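# Descriptive structure summary
Each chain, letter by letter, is given below.
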Amino acid sequence: MTESSIIRITGPVVEADRMRGAQMYEVVFVGEDELIGEIIGLYNDTATIQVYEDTTGITPGEPVKRSTMPLSVELGPGLLEMIYDGIQRPLTELGDLSGDFIVRGVSAPALSREKKFLFTPSLSEGDEISGGAVIGSVPETKQILHTILLAPDLSGTVERIAGEGEYTVDETILWLKDDTGKVQKITMLQRWPVRVPRPIQSKLPAIRPLITGQRVIDSFFPMVQGGTAAVPGPFGAGKTVVQHQLAKWCDADIIVYVGCGERGNEMADVLRQFPSLVDPKTKEPLMKRTVLIGNTSNMPVAAREASVYTGITIAEYYRDMGYSVALMADSTSRWAEAMREISGRLEEMPGEHGYPAYLGSRLADFYERAGRVKTLSGEEGSISVIGAVSPPGGDFSEPVTQNTLRIVRVFWALDADLAHQRHFPAVNWLLSYSLYSDLVAPWWEKHGGSEWGTMRSDLLALLQKENELEEIVQLVGPDLLPEEDKFTLNVAAILRESFLVQSAFDPVDTFCPPEKQYRMMTLIHRYYRLGRHAVGEGMTAAEIQQLPVTARLSRLGPIPHEEFDSLYPKICEEMNSAFPGGDA
Amino acid sequence: MPPLREFQSVVRVAGPILAVSGIDDAGYNEVVKVLLPDGTVRTGQVLESRKGMAIVMVFGGTRDLDCDITAVRFTGRPMTMPVSKEMLGRIFSGSADPIDGGGSVVPEKEMEISGYAINPTKREFPQDSIETGISAIDGMNTLVQGQKLPVFSGSGLPHSFLAAQITRQARVRGTDESFAVVFAAMGITHEEARFFVEEFSETGARAHAVIFLNRADDPAIERIVTPRLALTAAEYLAFDLGMHVLVVMQDITAYCEALREVSAAREEIPARRGYPGYMYTDLASLYERAGRVKGRPGSITQLSILSMPDDDITHPVPDLTGYITEGQIVLSRELHRKGIYPPIDVLPCLSRLMQGGIGEGRTRPDHANVSSQLYAAYARGRRLAGLVAVIGDEGLTDVDRLYLTFLDRFEHEFVGQKRDEGRSFDETLDRAWDLLSIFPQDELKRIDPKYIKEHYRGGTG
């Protein structure tokens with residue numbers, strides 16, 4: 001075979017000749033330093049390659065080696081608690097090898113080859129198995145039982161299976177005889193190409209909410225396990241804090257957090273906090289259920305493009321074991337920009353705002369990998385995807401936001417004005433929506449109470465009404481409003497300040513259990529109902545504002561949950577006696 | 001990379017870009033020396049390399065180049081700079097040549113100017129706040145060592161005074177230790193450059209400052225290297241020598257324009273307003289060089305200044321910057337017209353690292369609550385002021401009027417301060433309590449009652 005060599009270099013894009021036989025998306029090693037790259041274009045025997053590391057110093061004439069493999073990730077026990085870059089290089093291990101800064105040409109295996117895991121087989125000799133079958137299991141952490149599954153593309157008869165014991169990920173645990181009689185050695189480690197979705201039996205409709213402990217999300221714009229959501233907002237509106245809050249508190253079994261082109265200090269913050277924070281569901285450190293992908297904005301742009309695929313493939317792997325997985329991608333705009341940058345270097349004809357014409361289909365392909373599914377082994381698993389979007393200038397009409405909105409079912413619009421008032425989470429209640437609210441109503445009625453749907457729509461209508469009244473106030477002043485409308489404005493303020501505002505930094509308020517959310521909603525809703533009745537009976541809005549029970553309704557969030565439970569009936573009673581007709 | 005090669009085969013010159021034929025092995029990002037017919041030498045860098053051709057960007061511009069005599073020497077090295085402790089107190093050009101009349105610096109080390117990304121697992125999360133002495137920053141947008149916090153300004157606004165005041169007053173919290181300053185000027189006027197140099201000299205800050213000057217009439221393309229040189233010097237001081245370094249870069253907009261010029265000359269497909277699609281990545285390669293590294297004592301804090309064309313915060317330069325930096329300080333023309341210095345409009349300002357740097361054991365336990373309450377009160381005051389402008393103040397309640405009083409006093413007494421006035425964290429927070437105490441206690445919804453008890457000075461109502 002004649003050796004391929006580089007003929008052109010421009011930034012992260014390299015062309016090589018004598019590449020006949022190479023395939024699209026095949027991994028290659030570029031130059032003397034063997035930088036990792038991927039083929040993204042072919043023309044006769046010339047290949048265009050995007051390189052995942054800095055290409056400084058590479059010259060034409062240097063060799064290019066083929067791997068004959070597509071870009072893949074390593075899957076197996078030991079993924080949890082890891083932090084990877086966009087192409088699954090383990091950052092902690094890279095740090096041990098090359099020091100505080102990331103240098104070129106250094107690599108380490110994604111999964112440790114030394115660490116041993118306790119494997120318990122669940123097959124016996126002679127069993128006929130096909131792709132996705134359960135081979136055995138490994139207790140990866142206290143809470144997560146890691147099921148070892150046969151790779152989806154294999155099948156055959158069990159010739160021999162390893163006994164219970166400790167094995168590394170590259171030791172053979174299964175000898176599988178295929179149709180032709182050839183025996184294949186199977187390890188706990190498998191590789192899967194990142195751009196190919198892992199196969200499933202079928203997609204199932206979502207049924208359960210993804211509880212996040214964030215009031216504006218759970219109660220007003222709910223997300224489901226297996227759903228898709230987008231969080232767009234200008235800089236400073238709190239996208240990253242929302243994503244962090246979801247990664248910390250949502251009730252998924254596994255979290256995959258993709259920091260795609262974001263800030264290094266933010267990744268450092270996640271790494272600092274997650275090991276010490278406790279999962280409210282399992283009481284284990286949050287890190288024990290988390291896989292981090294950190295490709296910060298100054299790390300190579302091509303690896304940023306790959307990072308979301310690396311993340312979703314790992315998410316699919318855990319989904320296939322029957323877990324509910326939540327993936328946060330912060331930010332999908334940086335991923336789209338990486339696509340644009342590579343596309344520009346390829347001199348492709350641009351679509352809107354310079355983005356490639358295939359932007360919409362790439363986004364759709366990615367979000368479609370979410371969902372609740374029946375896996376090959378018959379389990380039910382799900383992937384929920386929450387993507388942050390960073391629209392230039394906060395303008396939601398730009399292509400990435402618009403293409404995302406065509407696919408996702410939940411839209412949490414973050415608002416600069418709210419952020420300026422330090423109203424966090426700055427979810428704009430007039431713009432945001434969730435198409436899952438009817439779907440989760442039965443769950444809420446079971447776990448909260450039967451009034452959930454009514455209260456939710458009443459309170460959303462209240463906020464809508466506030467918006468209309470504010471416009472009138474802008475014209476005529478607050479004085480001329482009828483008492484009923486004045487009272488409406490007061491209640492809306494309580495709803496905003498007490499219920500919608502939620503401090504991510506307050507140790508109690510950072511996570512609000514659904515029962516408490518329901519009760520807080522009940523209190524405000526009842527106050528609204530009784531107060532309106534009282535206004536009808538002749539009470540003024542100012543008089544109601546002076547009632548001690550009004551002051552009670554502010555600052556409910558930071559009250560410790562147990563204290564709140566005992567306070568709740570008291571406030572209810574107070575309210576009943578404060579208003580005429582309150583016991584009705 | 002191969003060793004020194006020289007070619008006398010320039011085939012095309014366009015804007016700041018030239019093409020050299022006949023070379024098969026130019027390295028990507030390799031440094032070249034361009035030898036002009038009159039003997040002068042300019043530095044350049046390879047932007048694209050292919051068999052038989054290299055595309056080179058020339059930092060000094062392409063004036064006087066020709067296609068016959070001009071020679072291009074490929075050095076076989078990426079761009080490096082010599083660094084040394086002796087750089088402190090010196091002034092360099094935008095290409096790191098000494099311009100203060102002193103001799104050249106004896107290097108202790110050669111460093112690649114493009115730098116390497118800090119491994120995120122090796123980053124220390126920045127939590128040590130900096131006392132800048134400016135209330136609007138310390139009280140509401142606290143700066144933290146290792147943070148990158150740009151100042152969004154406009155032409156004619158006093159950003160230079162503010163930057164100079166911060167560099168003069170900034171102290172590592174709890175100590176009297178000041179910062180080493182690295183100042184990178186990109187496309188600023190001679191007058192502004194002189195202001196900084198004099199300011200540093202007068203206050204004695206010059207002895208621990210390294211200054212790089214690319215002025216408005218210096219070659220525009222040089223601006224692409226100037227910030228990288230400055231950050232390389234800063235990394236040496238911070239991570240090799242363990243100093244706390246404050247990097248001031250002005251003006252990022254001029255830098256981005258140089259980037260656009262190169263991109264346009266290469267006929268690349270532009271993104272917004274003609275700026276290249278990779279500008280986010282490129283800016284990140286500058287801004288992300290701020291931070292702290294585990295186990296190393298020093299820190300790099302960035303305070304970049306950028307002028308927003310037409311005060312438009314959605315312009316690509318401030319917009320992409322805001323998405324990379326950890327917040328922003330925004331100057332307002334309206335406050336400036338009212339005569340308030342520093343004219344910081346706190347509402348669009350943000351410090352993302354503030355939460356970790358304030359509170360018990362760092363600044364004061366009531367800090368977070370006070371800041372949040374100031375924001376809520378000021379936002380409400382501004383909304384009411386807008387309302388009054390339309391419908392007059394007849395319909396206002398007594399509480400509403402308090403918010404209007406607060407608005408005015410906040411702008412003058414809290415935001416406003418003298419150019420030589422440095423306030424400690426305690427002074428800033430006490431001043432905030434003076435203002436908040438004009439409200440009845442139950443208006444202070446964002447403050448924990450225990451802090452109200454401790455600090456509130458108003459009546460009981």
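Residues numbered from 1 in each chain as written. Chains lettered and ligands numbered in written order. Predicted model: local features only at pLDDT ≥ 70, side-chain atom pairs only at ≥ 80, totals over all residues. Heavy atoms only, no water.

### Observations concerning the pairing of strand β11 (residues 134-139) of chain A
Residue and element names in this part refer to chain A. Note that strand β9 (residues 117-121) and β11 share 2 bridges and pair antiparallel. The residue bridging Thr 120 from the neighbouring strand is Ser 137, located in β11. Strand direction decides the pairing type here: β11 and strand β12 (residues 145-149), joined by 5 bridges, are antiparallel. Along β12, the bridge assignment pairs Gly 136 with Ile 148. Hairpin connection from β11 to β12: 5 residues lie between these consecutive antiparallel strands. (Pairing = 2+ DSSP bridges. Helix = DSSP H or I, 4+ residues; strand = E, 2+ residues; numbered from the N terminus.)

### Section: the confidence of the model for chain B
Residue and element names in this part refer to chain B. Model confidence for chain B is summarised by a mean pLDDT of 92, while 99% of its residues fall at 70 or above. Mean pLDDT values for the elements of chain B range from 84 in strand β13 (residues 171-172) up to 97 in strand β12 (residues 151-153). As a predicted assembly, this complex carries a pTM of 0.92 together with an ipTM value of 0.88. (pLDDT = per-residue confidence, 0-100.)

### Details of the sheet that holds β11(A)
Residues and elements named next belong to chain A. Judged by pairing direction, the sheet is antiparallel, and its 4 strands sit side by side in the order β12-β11-β9-β14 without closing on themselves. On the outer flanks of this sheet lie β12 and β14 (165-167), each paired with one strand and no other. Sheet twist, expressed as the average angle between the axes of neighbouring strands with direction ignored, equals 40°. Bridge analysis of β9 against β14 gives 3 bridges, and the strand direction is antiparallel. In the strand pairing of β14, Phe 117 is matched with Tyr 167. (Axes fitted to C-alpha atoms, helices over the stretch in contact; angles between N-to-C directions.)

### Describing the domain arrangement of chain A
Along its sequence, chain A is organised into domain 1 (3-70), domain 2 (78-102 + 201-434), domain 3 (117-188) and domain 4 (448-578). The gap between the C-alpha centroids of domain 1 of chain A and domain 4 of chain A is 62 Å. (Domains from an automatic or database assignment.)

### Observations concerning the UniProt feature "binding site: ATP" (unreviewed entry) in chain A
Here the UniProt-annotated "binding site: ATP" (unreviewed entry) positions come out as A:Gly233, A:Pro234, A:Phe235, A:Gly236, A:Ala237, A:Gly238, A:Lys239 and A:Thr240. Along the polypeptide, A:Phe235 turns up in the loop between β19 (228-232) and α3 (239-249). What A:Phe235 contacts, discounting residues up to four positions off in sequence, is B:Phe152, B:Ile313, B:Pro318, B:Asp319, B:Gly322, B:Tyr323, B:Gln328 and B:Arg352. Following the sequence through the fold, A:Lys239 ends up in helix α3. Taking the relative accessible area as the measure of exposure, A:Lys239 reaches 7% and is therefore buried. Setting aside chain neighbours within four positions, we find A:Lys239 in contact with A:Val231, A:Pro232, A:Gly233, A:Pro234, A:Ala388, A:Val389, A:Ser390, A:Leu414 and B:Tyr323. Within the structure, the side chain of A:Lys239 is placed 2.9 Å from the backbone oxygen of A:Gly233, a separation counted as a polar contact. (UniProt positions renumbered as here; feature names shortened; annotations may be inferred. Contact = heavy atoms within 4.5 Å. Buried < 20%, exposed > 50% of the residue type's maximum accessible area, 1.4 Å probe, protein only. Polar contact = N/O pair within 3.5 Å; in protein donor to acceptor, adjacent residues only side chain to side chain.)

### Examining the packing of helix α11 (residues 452-476) of chain A against helix α12 (residues 483-500) of chain A
All names here are of chain A. Packing of α11 against α12 brings their axes to within 9 Å, and their N-to-C directions diverge by 120°. The angle between α11 and α12 falls in the class oblique. By crossing handedness, the relation of α11 to α12 is classed as left-handed. For the pair α11 and α12, contact is made by Leu 459, Leu 462, Leu 463, Lys 465, Glu 466, Leu 469, Glu 470 and Val 473 and by Asp 485, Thr 488, Leu 489, Val 491, Ala 492, Ala 493, Leu 495, Arg 496 and Leu 500, respectively. (Parallel < 35°, antiparallel > 145°, perpendicular 65-115°, else oblique. Left-handed = near helix turned anticlockwise from the far one by under 90°.)

### Things to note about the UniProt feature "domain: ATPase F1/V1/A1 complex alpha/beta subunit nucleotide-binding" (unreviewed entry) in chain B
Look at the UniProt record and you will see "domain: ATPase F1/V1/A1 complex alpha/beta subunit nucleotide-binding" (unreviewed entry) annotated at residues 133-351 of chain B. Here residues 133-351 of chain B runs as 37% helix and 20% strand, with 16 Å between its end C-alpha atoms.

### Description of the environment of A:Ile40
All names here are of chain A. By the element assignment, Ile 40 lies in strand β4 (residues 35-43). A relative accessible area of 14% means that Ile 40 is categorised as buried. Distance in space between the C-alpha atoms of Ile 40 and Glu 26 is 8.2 Å, their sequence separation being 14 residues. When neighbours within four sequence positions are excluded, Ile 40 is seen to be in contact with Met 24, Tyr 25, Thr 48, Ile 49, Gln 50, Ile 342 and Leu 346.

### Some details on the pattern of salt bridges
Counted according to the given criterion, the structure contains 71 salt bridges over all chains. Between A:Glu74 and A:Arg191 there is a salt bridge; the shortest N-O distance is 3.4 Å. Highlighted residues: A:Glu74 in strand β7 (residues 72-75) and A:Arg191 in strand β17 (residues 190-193), separated in sequence by 117 residues. With a closest N to O distance of 3.3 Å, B:Arg5 and B:Asp25 form a salt bridge. Of this pair, B:Arg5 sits in strand β1 (residues 5-7) while B:Asp25 sits in the loop between β3 (17-21) and β4 (30-35), placing them 20 residues apart in sequence. Taking the relative accessible area as the measure of exposure, B:Arg5 reaches 13% and is therefore buried. A relative accessible area of 24% places B:Asp25 in the partly exposed class. Within the structure, one salt-bridge network assembled from shared partners comprises A:Arg8, A:Glu15, A:Glu347, B:Glu48, B:Arg50, B:Arg266 and B:Glu268. (Salt bridge = Lys/Arg side-chain N within 4 Å of Asp/Glu carboxyl O.)

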